[in-house]
Amino acid sequence: MNRIVVKSRIGSDGILQLALPVGPADADREVQVSVEPVAPAALSPDEWRRRVFETAGKWEGPLERPEQGEYEQREPLG
């Protein structure tokens, strides 16, 4: 029997229902099922654009560069 990967969504009731077509040749075999969350898919270009426009113009604080301090004095390389 080969490894089978199936992506499914848990229902709003919190129950995951699976139907796996393994075939009659694999009948009466013990199997192991692992459940792990899938990483969210990358944003589509339209979704990315929408999120950028949602955040544009939201900054309300000052934009200042604080004092940078003094450069450290190093010994000459030569």
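Residues numbered from 1 in each chain as written. Predicted model: local features only at pLDDT ≥ 70, side-chain atom pairs only at ≥ 80, totals over all residues. Heavy atoms only, no water.

> Could you give an account of the overall build of the chain, naming the residues involved and the relevant values?
Helix and strand counts for the chain come out as one helix and zero strands. Relative to the compact-globule value of 12 Å for 78 residues, the chain shows a C-alpha radius of gyration of 28 Å, a clear excess of over 25%. By its C-alpha atoms, the chain is 75 × 45 × 25 Å across when sized along the principal axes. Within the chain, the fraction of its 78 residues that count as buried is 1%. Summing over all exposed atoms, the chain offers an accessible surface of approximately 8900 Å²; the carbon and sulfur share of this is 52%. One way to put it: in the chain the 10 positive side-chain charges average out to a point 7 Å from where the 14 negative ones average out. (Helix = DSSP H or I, 4+ residues; strand = E, 2+ residues; numbered from the N terminus. Rg over C-alpha atoms; globule rule 2.2 N^0.38 Å. Buried < 20%, exposed > 50% of the residue type's maximum accessible area, 1.4 Å probe, protein only. Areas by Shrake-Rupley, 256 points an atom, 1.4 Å probe, with all protein chains shown as cover. Lys, Arg positive; Asp, Glu negative; His and termini not counted. Charge placed at Lys NZ, Arg CZ, Asp CG, Glu CD.)

> An account of unusual backbone geometry is requested, with residue identities and associated values reported.
One non-glycine residue, Asp 28, lies in the positive phi region at around 60°. By the element assignment, Asp 28 lies in the segment before α1 (45-55). A relative accessible area of 85% places Asp 28 in the exposed class.

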